[in-house]
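Each chain is listed here by its residues.
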Amino acid sequence: SYSSQTPSSGWNKDSRHLSRREKIAMKAVISLGANLDNPKENLDTALSLLREATDVRKVSSYISTKPVGGPIQPDYLNAVCVIDSDLPAMDLLSVLHGIEKAMGRERIQQWGPRTIDLDLIQYGDLISKADELVLPHPRAHERRFVLQPWFEIEPDAILLTHGAIKDLLEHLPA
């Protein structure tokens, strides 16, 4: 019976979930970008919502970048944050998509303008090639708007599939 289980056995009678102290937090890297409406306000809001769902540990400065691919559009404001989350990777991705949807993100055109874009760049040491979630992010190694802010907050970081982000930055065009 559930009532015979104690919190030390992983049961929390109040929430009927594993207690927070018994869940294993996984470090994740998330990139944020916006170029519609008020990009700074959009990044601030996205970070606030992320803080409600996860443990945001570090946030880079916001940097202005030119769009990569897609139609002619305004410049982006980008940032990277490092979080700890006890959610599995797919659930964390669902949280990111939920935040995007709540903030009015519409997926109309690939690489098109957006109110908010949240990408899961890396999740612990997980490597995934699943259709619904490729980790690390398949294009992170070629995107200065991901690597530069990540380097700012974690200069010794390693992108699992491509190596030290410091080295990757040195080989990207300015």
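As a reminder, the structure under discussion sits directly above these lines.
What comes next concerns the included structure. These numbers come from a predicted model, not from an experiment.

## Here we look at the pairing of strand S5 (residues 117–123)
With 7 of its 7 residues buried, S5 lies for the most part within the structure. Relative to S5, strand S1 (residues 26–34) is paired through 6 bridges, and the arrangement is antiparallel. Among the inter-strand pairings, Ala 28 is bridged to a residue of S5, identified as Tyr 123.

## A word on the nonpolar core
Leu 32, Leu 50, Cys 81 and Leu 120 are the most contacted members of the largest nonpolar core, which totals 25 residues. At the level of elements, S1, helix H1 (39–53), strand S4 (76–85), helix H2 (89–102), S5 and strand S7 (133–135) are the ones that each hand at least two residues to this core. Here the element with the most residues in this core is H2; it accounts for 5 residues. Those residues in contact with Leu 50 that lie beyond four places of it in its chain are Ile 30, Leu 32, Val 56, Cys 81, Leu 96 and Ile 99.

## Comments concerning H2
Taking 1.5 Å per residue as the helical rise, H2 with its 14 residues ought to reach 20 Å, and the 20 Å between its terminal C-alpha atoms agrees with that figure. Listed as buried for H2 are Ala 89, Leu 92, Leu 93, Leu 96, Ile 99 and Glu 100. Around the axis of H2, the buried residues are gathered within 120° of arc, so they sit on the same side. Structural note: H2 exposes Lys 101 and Ala 102 on the side pointing more than 90 degrees away from its buried face. Among the structural elements, S1, H1, S4, S5 and S7 are those in contact with the buried residues of H2.

## Remarks on the pattern of salt bridges
As enumerated under the stated definition, the model contains 9 salt bridges in all. One salt bridge connects Lys 58 with Glu 154, and the closest N-O pair in it is separated by 3.7 Å. With Lys 58 in strand S2 (residues 55–59) and Glu 154 in the loop between helix H3 (144–153) and strand S8 (158–159), the pair connects residues that are 96 residues apart, well separated along the chain. Under the relative-accessibility criterion, Lys 58 is labelled partly exposed at 35%. On the basis of relative accessibility, which here comes to 12%, the residue Glu 154 falls in the buried class. Between Arg 114 and Asp 117 there is a salt bridge, with its nearest N and O atoms 3.2 Å apart. Residue Arg 114 is classed as buried on the basis of its relative accessible area, which comes to 10%. Residues joined by salt bridges that share partners form a network here, namely Glu 100, Arg 105, Arg 114 and Asp 117.

## Observations regarding the environment of Leu 96
Tracing the backbone through its elements, the reader meets Leu 96 in helix H2. On the basis of relative accessibility, which here comes to 0%, the residue Leu 96 falls in the buried class. When the C-alpha positions of Leu 96 and Asp 119 are compared, they lie 7.5 Å apart, and in sequence the two are 23 residues distant. Setting aside residues up to four positions removed in sequence, Leu 96 forms contacts with Ile 30, Leu 50, Leu 118, Asp 119 and Leu 120.

## A closer look at the side chain of Asp 84
Relative to the helices and strands, Asp 84 is located in strand S4. A polar contact is formed between the side chain of Asp 84 and the side chain of Arg 57, at a distance of 2.9 Å. When residues no more than four places from it in sequence are discounted, the contact partners of Asp 84 are Ala 25, Met 26, Lys 27, Thr 54, Asp 55 and Arg 57.

## Topic: the side chain of Asp 119
As for its placement among the helices and strands, Asp 119 is situated in strand S5. The side chain of Asp 119 sits in the buried core without any salt bridge; Arg 143 is the nearest counter-charge, 4.3 Å away. Beyond its immediate chain neighbours, meaning those up to four positions away, Asp 119 contacts Val 29, Ile 30, Ser 31, Leu 96, His 137 and Arg 143.

Cut-offs used in this document
Residues numbered from 1 in each chain as written. Predicted model: local features only at pLDDT ≥ 70, side-chain atom pairs only at ≥ 80, totals over all residues. Heavy atoms only, no water. Buried < 20%, exposed > 50% of the residue type's maximum accessible area, 1.4 Å probe, protein only. Helix = DSSP H or I, 4+ residues; strand = E, 2+ residues; numbered from the N terminus. Pairing = 2+ DSSP bridges. Core = buried A, V, L, I, M, F, W, Y, C linked by side-chain atoms within 4.5 Å. Contact = heavy atoms within 4.5 Å. Expected span 1.5 Å × (residues − 1). Arc of directions from axis to C-beta. Salt bridge = Lys/Arg side-chain N within 4 Å of Asp/Glu carboxyl O. Polar contact = N/O pair within 3.5 Å; in protein donor to acceptor, adjacent residues only side chain to side chain. Lys, Arg positive; Asp, Glu negative; His and termini not counted.

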